[in-house]
Amino acid sequence: MATDRLTGLDASFLHLENGGAHMHVAGVMLFAGSPPDYDELVEMTERRLHLVPRYRQKLAFVPFGQGRPKWIDDPHLNLRYHIRRTALPPPGHEDQLRALAGRVFSQPLDRDKPLWELWLVEGLADGPGGPRFALLSKTHHALVDGVSGVDIVSVLFDASHEPPAPVGEPAQWLARPEPAKAQLLAEALLERGTIPAEIARSMRALVRGPRRVARTTLDSLVGLGAMTWAGLRPPPPSPYNTQIGPHRRFTWVRTNLDDVKAVKNALGGTVNDVVLATVAGALGRHLRRRGDDLGEGVLRAMVPVSVRTDEERGALGNRVAAMMAPLPVGEEDAEQRLRIVSEAMASIKRSGQAVGAQVLTNLSGFAPPTVMAQASRLISTQRFFNLVVTNVPGPQFPLYLLGRELTDIFPMVPLARGQALGVAIMSYNGRMNYGLVGDFDALADIDDLPADFDAALAELADAAGVALSGPPSGRRRRRHVATTAVDAPQPS
């Protein structure tokens, strides 16, 4: 089926996976309560797997690279391979969990199997509310982006403390036969032969609605120009841009979403502006402590933007564009940092830069696969940005796994070649948590960064006259005393 063919953007994440780069998105999830029985977890996943059928599929590659890969059913699917069980040694501190996550996230996913793993981690030390356990998740970026990944989490978990009773036995699933190599090649060549028909269809649309198409084309050209101009100005060198290996370190930061909103309400801008100003302040502190020359004092972050429509929520695959955002790491005044970020982001949005990125994404579906492979590798070797900063809005209500409440989510964004640091943020049930991933050798001091993030947000709070309440504790969300308007963060 044509819908099983990877899009150009999805396929690009396969081409980028080389030179120590792993293109899986991942996360650490903490739960309150005793760990579930492993067999019970496997059984629950099996009962719900039909809601995410792509998790039963693997990649089929077209011979001679004459087409993008397809998703096909895996006739040898074994959930006990994908769902794994491990335990921390005593005393089970979070430092040990972070080290385990770094090791798990350092391993690439097997392309001969469905591209996901789930690790049940026992032995975690009790928290303030009692026993805890963790889940580590890994999913290849070719399969899912951040926003659709949130939808999948919402499907696999419950919104109630009492899980719904199973209805009957799991529906029997029979894998479709694997296509032969010759069939894959023939299908790909046939699909490529239909491209002229798509072009002719676009020309007919141009005749029928010239004004509408002209307006859309003009907006796209403006966006492409803005995107091109951003790419022609390389970012400054930084210790975050160096050759990376396959090994990773992972750490995290807990913050309160209402604290971030209170800063936004007092100083202006958006939630995402406050997040970017916090990242800039933290990295500035980190660089100064290392004795690095800040140069012009502004790093560039690639900020993914979801272009997924409401109708597409829950669908797998990637629907993202990108903006290049400044990070004024050399500016030590917190309020001025936020002002610089807010004004720059407003200007970038007016320029249509994200529209240009979306146009390039759409065009990639029409490029021959071998050309797209080379283009993806070329992009990965160019320094268009210093690091990725992605902010994904999660559900603002508690989720449960087999009756155990999910208390924290720490997301991970993959590192591309030449990118030694990645910052992922996710809001969930009043929390706004940062996941920081770094190359094992280039960022041996990544465990010092959480204190820098805490200090950077505290500086913004001081400038705003806001008393930080700190990350939520316990199992109930707390309201911030300074909260007024409620505006869930938008993906950035």
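A short tour of the structure in this document, coming up. One numbering rule holds for all chains: residues counted from 1, following each sequence as written. Where totals are concerned, whole chains, interfaces and linings use all residues; where local detail is concerned, this predicted model gives features only for residues with pLDDT of at least 70, and gives and counts side-chain atom pairs only at 80 or more. Each side-chain value is worked out from all heavy atoms of the structure, with water and hydrogens disregarded.

### Some remarks on the pattern of salt bridges
Here a salt bridge means any side-chain nitrogen of Lys or Arg lying within 4 Å of a carboxyl oxygen belonging to Asp or Glu. Evaluation of the coordinates by the stated rule reveals 25 salt bridges. Among the salt bridges present, the one from Arg 337 reaches Glu 459, with a minimum N-O distance of 2.9 Å. Of this pair, Arg 337 sits in helix H11 (residues 334–351) while Glu 459 sits in helix H14 (residues 449–464), and the two are 122 residues apart along the sequence. Several salt bridges share partner residues, and in doing so they unite Glu 94, Asp 95, Arg 98, Arg 132, Arg 254, Asp 408 and Arg 431 into one network. Strands here mean DSSP runs of E at least two residues long; helices mean DSSP runs of H or I at least four residues long; both are numbered from the N terminus.

### Quick notes on the pairing of strand E6 (residues 132–140)
Most of E6 is tucked away, with 8 of its 9 residues classed as buried. Between any two strands, pairing holds if DSSP finds at least two bridges. Pairing analysis gives 9 bridges linking strand E1 (residues 24–32) to E6, with the strands arranged antiparallel. Bridge pairing links His 24 to His 140 in E6. As judged from the 6 bridges shared by strand E5 (residues 116–122) and E6, these two strands associate in the antiparallel manner. Among the inter-strand pairings, Val 121 is bridged to a residue of E6, identified as Ala 134. Here's how the labels work: a residue is buried when its accessible area is under 20% of the maximum for its type, exposed when over 50%, partly exposed in between, all with a 1.4 Å probe on protein chains only.

### Quick word on unusual backbone geometry
Residue Pro 91 is bonded to the preceding Pro 90 through a cis peptide linkage, with omega at 10°. Within the secondary structure, Pro 91 is located in the loop between strand E4 (83–87) and helix H4 (94–105). A positive phi angle, near 65°, is found at Phe 64, a position not held by glycine. Exposure remark for Phe 64: the relative accessible area of 70% places this residue in the exposed category.

### Digging into the packing of helix H10 (residues 271–290) against H14
Only the stretch in contact is used when a helix axis is fitted, and all axes are lines through C-alpha atoms; the angle between N-to-C directions ranges over 0 to 180 degrees. Contact geometry for H10 and H14: axes closest at 8 Å, N-to-C directions at 125°. Considered as vectors, H10 and H14 are oriented oblique to each other. Two packed elements cross with a definite hand, and for H10 against H14 that hand is right-handed. Facing Val 274, Ala 277, Thr 278, Val 279, Gly 281, Ala 282, Leu 283, Arg 285, His 286 and Arg 289 of H10, the residues of H14 in contact are Leu 449, Asp 452, Phe 453, Ala 455, Ala 456, Leu 457, Glu 459 and Leu 460. Note on residue categories: nonpolar means Ala, Val, Leu, Ile, Met, Phe, Trp, Tyr, Cys or Pro, charged means Asp, Glu, Lys or Arg, and polar means any other residue, Gly included. Its residues placed into classes, the contact of H10 with H14 shows 11 nonpolar, 3 polar and 4 charged. Small angles under 35 degrees read as roughly parallel and large ones over 145 as roughly antiparallel, with 65 to 115 read as roughly perpendicular and the rest as oblique. In a left-handed crossing the near helix is turned counterclockwise from the far helix by less than a right angle, and in a right-handed crossing that turn is clockwise. Note on contacts: a residue pair qualifies if any of its non-hydrogen atoms lie within 4.5 Å across the two residues.

### Re the nonpolar core
In this text, buried Ala, Val, Leu, Ile, Met, Phe, Trp, Tyr and Cys residues form a nonpolar core when linked through side-chain atoms within 4.5 Å. Counting residues in hydrophobic clusters, the biggest one holds 46 residues, and the most contacted among them are Val 279, Leu 283, Leu 327, Leu 421, Val 423, Tyr 434 and Phe 453. Per-element tally for this core: the top contributor is H10, with 10 residues. What Leu 327 contacts, discounting residues up to four positions off in sequence, is Leu 276, Val 279, Ala 280, Leu 283, Gly 297, Val 298, Leu 299, Ala 301 and Leu 387. In this structure, Val 52, Ile 83, Val 144 and Leu 406 belong to the second largest nonpolar core, which totals 36 residues.

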